[in-house]
Amino acid sequence: MQKKNVFAFSTALMIAAGLPLAAHASNSYTVDPPHTFAHFTINHLGFSTMHGRFDKSSGKITLDTAAKTGTVDIAIESASVDTGFAKRDEHLKSPDFFNAAEFPSITYKSNKIKFNGSKPASIEGELTLLGVTKPVTLTVTEFNCGTNPMSKKDECGAGATAHIKRSDFGMKAFLPNVGDDIKLEFEIEAYKD
Amino acid sequence: MHELLHHPAVQGGLVPFFVALLVAELLQRLRLSGLAVAAGFAVTVYLVVGFSFESLTAARKIVLLGLAAPVATVVLMPFNAAWVRPLLAAAGGGAAIWVAQRILQQQGPTNMFLWSAGIALYCGWMVYWMDMLSAHPARAASAGVALGLGTGAAALLGASALLGLYGMSLGAAAGAFLLIQMLTNSRLPAGRPFTLPLSLIAALTGMLAVLTAELPWYALIALGAIPPVAHALPVSEKSAVWLQSVLLSAATLACAAAAVFLTWRVAGAPPL
């Protein structure tokens, strides 16, 4: 009986010791909020395409370029929506659109990154907006890693785009006058942990 | 025609008005004309956002309660005991907390308690006082017009067109109910099928506009004064219905105008 316990303890120790080694295979990054923005464009009454962005976001990214795997976990503050016109921003925060009081966060989570060579090409994940979660694939338009010449820290930066229909997430006010199709563009910079 | 139905003035004004007019006339013999308000509200919801309940947001909870309230009143019709009114008021207060639950959960304990107490009191008050008007169709309809238009206009200025249209639809539907009485110089049966959905939807819409948009909380005091004013105004029930309606509407619309003015001072013009 005692022999059995010693064996189990040794096995647990071996597994625990092995975990950090496995974790080292992928690099973990923390999003740099001043250089990370989610932009959106939407048709306004058929006349023009309006642009807006969210000023506050946070999150973590892991990348294992050797194994070609990674994860993305980003949270965007709904109330930080900014279109350059305060009155419209208040409207966008209201229950008509982003409903920021009820749903303070928009999240994007993925554990499936597809690589083209050594660089991520697309990210298959789930976007949660207004409490509705739908699959959304981001197309990575640029990806660069290196040492930041200012901070001297290792970091990666990327650009990504996606298209969604706001009605899929229950955002149906003023359809079809205010467009249903939304183009999302992300610029992300993240420091290596 | 399709484009016309996408215009907010049609969605929140014309369509609920005519639907309420039709329902009030058709259900008069069944003494269910009061359902006109719920019908007007339902058609606006259908035109603006549709009947989707995924995910169950506060605005969708209002729709759900707005549709459930007429059913509850029909069930409660045989009961006219004294306990029904306080029970409905308490249910109205509980409904407010349920609707705002997700917003309240994000507050600290003090704010959560104060906000919960405030919204429950407002909704309970509104349901209680509107229920006092249920046996007085001209008073109920005049108060309904003012409450709907006041809540709608204030919510619109407070930066939520959706909540604004919800309120406007109530005002338009109550207006149709009032117009029939004025033109025919006779009273339509209002009852709880009229007052409960109207008071509940208007109160919940007003409190949600405070919590999620820019409607100042004190605008609710002006809106909350509408049913007591309609109840207390010394207008003879024996006078012509049109005269009663004009006098009652003038007094209650003044309260609504005060709420709109208070909101305008804070929020300014609506976003376009």
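Residues numbered from 1 in each chain as written. Chains lettered and ligands numbered in written order. Predicted model: local features only at pLDDT ≥ 70, side-chain atom pairs only at ≥ 80, totals over all residues. Heavy atoms only, no water.

Overview of the overall build of chain B
Definition in use: For helices the rule is a DSSP run of H or I covering at least 4 residues; for strands it is a run of E covering at least 2, with both sets numbered from the N terminus onward. Radius of gyration: C-alpha atoms only; globule rule: 2.2 Å multiplied by the number of residues to the exponent 0.38. Each residue is placed in one exposure class: buried if its accessible area under a 1.4 Å probe, protein chains only, is under 20% of its type's maximum, exposed if it is over 50%, and partly exposed if it falls in between. It only takes one pair of heavy atoms within 4.5 Å for two residues to be counted as in contact. Here the positive residues are Lys and Arg and the negative ones are Asp and Glu; neither His nor the chain ends is included. Here the site of a charge means NZ on Lys, CZ on Arg, CG on Asp, or CD on Glu.
Along its length, chain B carries 11 helices and zero strands. Secondary structure elements in chain B, listed N-terminal to C-terminal, are α-α-α-α-α-α-α-α-α-α-α. Computed over the C-alpha atoms, the radius of gyration of chain B is 17 Å, within 12% of the 19 Å expected from 2.2 N^0.38 for a compact globule of 272 residues. A burial count over chain B gives 57% of its 272 residues as buried. A separation threshold of at least 6 residues defines the contact pool for chain B, and within that pool the share at least 24 residues apart is 77%. A distance of 11 Å separates the average location of the 11 positive side-chain charges in chain B from that of its 6 negative side-chain charges.

Things to note about the packing of aromatic side chains
Between two aromatic rings, the relevant description is the distance of the centres plus the angle of the planes. Short version of the rule: When the centres of two rings from Phe, Tyr and Trp lie within 6.5 Å, Trp using its six-membered ring, the rings pair. Their planes under 30 degrees apart give stacked, over 60 give edge-to-face, and anything left gives tilted. Whether a charge sits over a ring depends on NZ of Lys or CZ of Arg being within 6 Å of the ring centre and within 35 degrees of the ring normal.
Throughout the structure, instances matching the rule amount to 12 aromatic pairs over all chains. Consider the rings of Phe 40 of chain A and Phe 54 of chain A, whose centres lie 5.6 Å apart with planes at 45°: the pair is tilted. Of the two residues, Phe 40 of chain A is situated in strand 2 (residues 37–44) and Phe 54 of chain A in strand 3 (residues 48–54); the sequence distance between them amounts to 14 residues. Assessed through its relative accessible area of 7%, Phe 40 of chain A is described here as buried. Given the relative accessible area of 5%, Phe 54 of chain A is considered buried. On the basis of an interplanar angle of 80° and a centroid distance of 5.7 Å, the ring pair of Trp 217 of chain B and Tyr 218 of chain B is categorised as edge-to-face. Three or more aromatic residues link up through ring pairs in this structure, and these residues are Phe 40, Phe 54 and Phe 98 of chain A. A cation sits over an aromatic face here: Lys 153 of chain A above Tyr 191 of chain A, 5.0 Å from the ring centre.

A short note on the packing of helix 6 (residues 137–157) of chain B against helix 8 (residues 191–212) of chain B
Residue and element names in this part refer to chain B. For the record, the criterion: Axis definition: a line fitted to C-alpha atoms, limited for helices to the stretch in contact. Angles are taken between N-to-C directions and run from 0 to 180 degrees. Small angles under 35 degrees read as roughly parallel and large ones over 145 as roughly antiparallel, with 65 to 115 read as roughly perpendicular and the rest as oblique. The crossing is said to be left-handed when, going from far helix to near helix, the turn is anticlockwise and less than a right angle, and right-handed when the turn is clockwise. Classes in brief: Ala, Val, Leu, Ile, Met, Phe, Trp, Tyr, Cys and Pro nonpolar; Asp, Glu, Lys and Arg charged; the others, Gly included, polar.
With their axes 10 Å apart at the nearest point, helix 6 and helix 8 run at an angle of 20° to one another. What the angle tells us is that helix 6 and helix 8 run roughly parallel. As for the relative orientation of helix 6 and helix 8, their crossing is left-handed in sense. Residues Ala 140, Ala 141, Gly 144, Leu 147, Thr 151 and Ala 155 of helix 6 form the contact with helix 8, whose own contacting residues are Phe 194, Thr 195, Leu 198, Ala 202, Thr 205, Gly 206 and Ala 209. Of the residues in the contact of helix 6 with helix 8, the class split is eight nonpolar, five polar and no charged.

Points about the interface of chain A and chain B
Quick note on the threshold: By buried area we mean the combined loss of accessible area, with a 1.4 Å probe, across both parts when two parts are placed together. Basic side-chain nitrogens of Lys or Arg form a salt bridge, by our definition, when they fall within 4 Å of a carboxyl oxygen of Asp or Glu.
Taken residue by residue, the interface counts 22 residues in chain A and 27 residues in chain B. Buried surface at the junction of chain A and chain B, both sides included, amounts to about 2000 Å², of which 55% is carbon and sulfur. Of all residues in chain A, Lys 87, Pro 95 and Glu 102 of chain A bury the most surface against chain B, accounting for 31% of the area lost on that side. For the pair chain A and chain B, the interface holds two salt bridges. No other element matches the four residues that helix 2 (residues 86–93) of chain A contributes to the side of chain A that touches chain B. Partitioning the side of chain A that touches chain B into residue classes produces 10 nonpolar, six polar and six charged.

Structural notes on helix 3 (residues 58–76) of chain B
The α-helix advances 3.6 residues per turn, and as a result positions three or four apart in sequence lie on the same side. Residues and elements named next belong to chain B. Put simply, the test is: A helix's residues, less one, multiplied by 1.5 Å, set its expected span. Think of it this way: the bend at a residue is just the angle between two axes, each fitted to seven residues, one set ending at that residue and the other starting at it.
With 19 residues, helix 3 extends 26 Å between its outermost C-alpha atoms, agreeing within 8% with the 27 Å of an ideal straight helix rising 1.5 Å per residue. At Ala 68, helix 3 shows its maximal bend, which comes to roughly 25°, and the proline Pro 70 appears one to four places after that position. Considered for burial, the residues of helix 3 that qualify are Ala 58, Ala 59, Arg 60, Lys 61, Ile 62, Val 63, Leu 65, Gly 66, Ala 69, Pro 70, Thr 73 and Leu 76. Against helix 2 (36–48), helix 4 (84–104), helix 7 (161–184) and helix 8 lie the buried residues of helix 3.

Points about the state of the cysteines
Residue and element names in this part refer to chain B. Applied cut-off: Only a pair of cysteine sulfur atoms within 2.5 Å counts as a disulfide in this structure description.
Per the counting criterion, the structure on display carries one disulfide over all chains. For the unlinked cysteine Cys 123, the closest cysteine sulfur is that of Cys 255, found at 18 Å. Judged by its relative accessible area of 0%, Cys 123 is buried.

What about the side chain of Ser 110 of chain A?
Residue and element names in this part refer to chain A. Selection rule: Polar contacts, as counted here, are pairs of nitrogen or oxygen atoms within 3.5 Å of one another; within protein the pair requires one atom able to donate a hydrogen and one able to accept it, and residues that are adjacent in sequence qualify only if both atoms are side-chain atoms.
Mapped onto the fold, Ser 110 is located in strand 7 (residues 105–116). Within the structure, the side chain of Ser 110 is placed 3.1 Å from the backbone nitrogen of Lys 112, a separation counted as a polar contact. Reaching out from Ser 110, the side chain makes a polar contact with the backbone oxygen of Glu 124 at a distance of 2.7 Å. Not counting residues within four places of it along the chain, the set of residues in contact with Ser 110 comprises Gly 70, Thr 71, Val 72, Ile 123, Glu 124 and Gly 125.

Quick word on the pairing of strand 5 (residues 69–77) of chain A
Side-chain positions along a regular strand alternate between the two faces of the sheet. Residues and elements named next belong to chain A. Rules: DSSP-based pairing: two strands are paired if at least 2 bridges between them are found.
Only one face of strand 5 is covered, namely the face carrying Gly 70, Val 72, Ile 74 and Ile 76; the face carrying Thr 69, Thr 71, Asp 73, Ala 75 and Glu 77 is uncovered. Pairing between strand 4 (residues 57–64) and strand 5: eight bridges, direction antiparallel. Of the residues in strand 5, the one forming a bridge with Ser 58 is Ala 75. Joining the antiparallel neighbours strand 4 and strand 5 is a turn of four residues, in which Lys 68 adopts a positive phi near 55°.

Notes on the nonpolar core
Nonpolar side chains in soluble globular proteins tend to be buried together. The condition is simple: Within this scheme, the nonpolar core is defined by two criteria: the residues are buried Ala, Val, Leu, Ile, Met, Phe, Trp, Tyr or Cys, and they are joined through side-chain atoms within 4.5 Å.
In terms of nonpolar packing, the biggest core is built from 76 residues, with Phe 194, Leu 204 and Met 207 of chain B touching the most fellow members. Looking at this core element by element, the count peaks at 12 residues for helix 8 of chain B. Residues within four places of Phe 194 of chain B in sequence aside, it is in contact with Gly 34, Val 37, Ala 140, Ala 141, Ala 174 and Phe 177 of chain B. Among the nonpolar cores identified, the runner-up in size contains 41 residues, and Phe 40, Val 81, Leu 129 and Leu 184 of chain A belong to it.

What about the confidence of the model for chain A?
All names here are of chain A. Where we set the bar: The predictor rates its confidence in each residue with pLDDT, a number between 0 and 100.
Looking at chain A as a whole, its pLDDT mean stands at 86, while 87% of the residues score no less than 70. At the level of individual helices and strands, chain A shows its lowest average pLDDT in helix 1 (residues 2–23), which scores 48, and its highest in strand 6 (residues 81–82), which scores 94. Taken together, the stretch residues 13–24 has pLDDT below 50 and engages in zero contacts with residues farther than four places along the chain or on a different chain.

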